[in-house]
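A closer look at the structure
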Amino acid sequence: MNRRTFLETMSAAAVLPALARQGPAANEWGSPVFDLHFHLRPEPASNLAHVDGAGIAKANLLTRAPALDRVKAMDAAAPGRFTWFSSYDVTRPDAEQVLTQAVKDGAQGFGELKFHVAADGPELRRLYALAAELKVPLLIHFQEVDHVPNEGTWSTGYARTFASILKEYPKTTFIGHADAFWANVSADYHDQSVYPTGRIVRGGVTDRWLGDYPNLYGDLSAVSGNTAMTRDADFTADFLTRHQDKLLFGSDCSCRDGHGAGYDNPVAPRMAGKCVARETLAALKRSASPAIFQKIAWGNAHKLVMI
Ligand SMILES: [Zn+2]
Ligand SMILES: [Zn+2]
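Residues numbered from 1 in each chain as written. Chains lettered and ligands numbered in written order. Predicted model: local features only at pLDDT ≥ 70, side-chain atom pairs only at ≥ 80, totals over all residues. Heavy atoms only, no water.

**Some thoughts on the overall build of the protein chain**
- When helices and strands are tallied, the protein chain shows 14 helices and eight strands.
- Here the C-alpha radius of gyration of the protein chain, 18 Å, is about what a compact globule of 307 residues would show, namely 19 Å.
- Structurally, the protein chain occupies a C-alpha span of about 55 × 45 × 40 Å along its principal axes.
- For the protein chain, buried positions account for 55% of its 307 residues.
- Taking the intrachain contacts of the protein chain between residues at least 6 apart in sequence as the baseline, contacts between residues at least 24 apart amount to 72%.
- Counting only carbon and sulfur atoms, one obtains 55% of the accessible surface of the protein chain, whose full area is about 12700 Å². (Helix = DSSP H or I, 4+ residues; strand = E, 2+ residues; numbered from the N terminus. Rg over C-alpha atoms; globule rule 2.2 N^0.38 Å. Buried < 20%, exposed > 50% of the residue type's maximum accessible area, 1.4 Å probe, protein only. Contact = heavy atoms within 4.5 Å. Areas by Shrake-Rupley, 256 points an atom, 1.4 Å probe, with all protein chains shown as cover.)

Here you go:
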C-alpha cells in the first residue's frame, strides 16, 4: 500500500466507521440490489452516500485507469460492497495492455466503454477479442444523438451493425447500455430523438437480439433505461418476463444522496431532483413479479461478476 492509498484509507475509515460496519440498511426493495452501473466518485463517503441512500446492497464501480488506489480505498472503507470494471481510452495503442493489467488487479470487466468510435471499428474490436480471452464482460455505451450541440456520438452504428459483432464474437459477453441501445427496443427508432417516448412498436433490434444472442445482456441504467421501461406498461411487463435472465439493474445516477439531491439532466427535465436508481427500481417493481425483480436487481449479476 503506498502512502496515498494509506492516507485515503485512513481518512475514509475515520469518517465512515458506522457506515462501513453497518452495511446495507434494512431492505426496502424486498430483494438485495446490485447496481451494475455506478461511476466511481472521488471520496469513499460520496459513493456510500448514494448506495446507502438508494437502498443498494452492492455496486459495481465503473472506473477509468489508473484507478486502483481509489478502488482500494473504497474497498477498505466498505469491504465487500464494491466490485469494479475498468475503462481506458480505446484509441490509445496501450489499451489492451492497460486493461489486461486492470483485470489482473481485480477488475471484473471492461467499462464503461464510451468513446467516439464505431461499434464495429478496429478500436473496439480488439477489446471485444481481449474480453473473450480474459473471460470478462464488457459494458458499452451506444448513442447516436447529441445531448448538447457537438457532443459527438458513441459506439456508433449499433442498430445497423451490431448483430454482426454479436455473431462474430460469440465468446464475448456484451452488456449494452445507453440511448441507442434502449431506444431500439422499439422498431420505429431512427435516431430521431434522445429519449423517444410513447407506445413501443414491437420488433426493435434490442428486443430481438436479447432473445437471439446468448452473449448480449442489457443494463437498465440511466434515463435511457428508465425511459424504455416507463413508456409503455404492457410492453414493459412482457419485455421483463421474456428477458428476465438477460437484464441487469444499474443506476448511472449522479445524485448525491440516493434520493435525488442535485440530479439535473438537461435533456430529461422529468427526472430533475429525482434519483434514477430509485425511479428505475420502482418501475421494475411495478412491472415485474417479485421473482423476476429479484433476478434483475440481484440474481443475474452473479452470472457475470463475482459479488
Ligand atoms: Zn453511459
Ligand atoms: Zn441517485
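**Topic: the coordination of the zinc ion (ligand 1)**
- All of the protein donors around the zinc ion (ligand 1) are Glu112 (OE), His141 (ND1) and His177 (NE2); their distances to the metal are 1.8 to 2.2 Å.
- All donor residues of the zinc ion (ligand 1) come from one chain, and their arrangement in sequence is E-x28-H-x35-H. Of the two residues, glutamate 112 is situated in strand β4 (residues 110-113) and histidine 141 in strand β5 (residues 138-141); the sequence distance between them amounts to 29 residues. Neither glutamate 112 nor histidine 141 differs from the other in exposure class; each is buried. (Donors = N, O, S within 2.8 Å, 3.2 Å for Na, K, Ca; no water.)

**Focus on helix α13 (residues 290-299)**
- Ile292, Phe293, Ile296, Ala297 and Trp298 are the residues of α13 that are buried.
- On its buried side, α13 packs onto β1 (34-39), β2 (58-64), α11 (233-242), β8 (247-248), α12 (276-287) and α14 (301-304).

**Focus: the coordination of the zinc ion (ligand 2)**
- The zinc ion (ligand 2) binds to the protein through His50 (NE2), Cys253 (SG), Cys255 (SG) and Cys275 (SG); the donor distances cover 2.1 to 2.3 Å.
- Geometry at the zinc ion (ligand 2) is tetrahedral, judged from the four donor atoms that bind it and their angles of 105 to 116° at the metal.
- Written as a sequence motif, the donor residues of the zinc ion (ligand 2) are H-x202-C-x1-C-x19-C. Taken as a pair, histidine 50 in helix α3 (residues 44-53) and cysteine 275 in the loop between β8 and α12 lie far apart in primary sequence, 225 residues in all. Cysteine 275 matches histidine 50 in its accessibility class, with the two residues each being buried. (Tetrahedral: all angles 85-135°; square planar, octahedral: opposite > 155°, others 65-115°.)

**Here we look at the nonpolar core**
- Counting residues in each nonpolar core, the largest one holds 84 residues, and the members touching the most others are Phe110, Tyr128 and Phe162.
- Contacts of tyrosine 128, omitting those with residues within four sequence positions, involve Ala119, Leu138, Ile140, Phe162, Ile165, Tyr169, Thr172 and Phe174. (Core = buried A, V, L, I, M, F, W, Y, C linked by side-chain atoms within 4.5 Å.)

**Regarding the pairing of strand β7 (residues 216-219)**
- The two faces of β7 match: Leu216 and Gly218 on one face and Tyr217 and Asp219 on the other face are all buried.
- Examined bridge by bridge, strand β6 (residues 174-177) and β7 share three bridges and lie parallel to one another. The residue of β7 that forms the bridge with phenylalanine 174 is leucine 216. (Pairing = 2+ DSSP bridges.)

**Points about the environment of glycine 262**
- Relative to the helices and strands, glycine 262 is located in the loop between β8 and α12.
- According to the relative accessible area criterion, glycine 262 is exposed, its value standing at 55%.
- As for glycine 262 and glycine 273, which are separated by eleven residues in sequence, their C-alpha atoms are 6.1 Å apart.

**Describing the side chain of arginine 278**
- Of note, arginine 278 is situated in helix α12.
- We classify arginine 278 as buried; its relative accessible area is 17%.
- Among the polar contacts made by the side chain of arginine 278, one reaches the main-chain carbonyl oxygen of glycine 53 at a distance of 2.7 Å. (Polar contact = N/O pair within 3.5 Å; in protein donor to acceptor, adjacent residues only side chain to side chain.)

**Some words on the pattern of salt bridges**
- This structure, assessed with the given rule, holds eleven salt bridges.
- Across the pair arginine 278 and glutamate 28 runs a salt bridge, and its minimum N-O distance is 3.0 Å. Of this pair, arginine 278 sits in helix α12 while glutamate 28 sits in the loop between α2 (17-22) and β1; the two residues are 250 residues apart in sequence, bridging distant segments of the chain.
- Put simply, glutamate 96 and arginine 126 hold a salt bridge, and the shortest N to O gap is 3.1 Å. Highlighted residues: glutamate 96 in helix α5 (residues 95-104) and arginine 126 in helix α6 (residues 122-134), separated in sequence by 30 residues. (Salt bridge = Lys/Arg side-chain N within 4 Å of Asp/Glu carboxyl O.)

**Some points on unusual backbone geometry**
- A cis amide bond links alanine 65 to the next residue, proline 66, at an omega of 0°.
- Structurally, proline 66 can be placed in the loop between β2 and α4 (68-77).
- Look at the link from glycine 111 to glutamate 112: it is a cis peptide, with omega at 0°.
- Positive phi outside glycine occurs at alanine 178, with the angle close to 85°.
- Its place among the elements puts alanine 178 in the loop between β6 and α8 (179-183).

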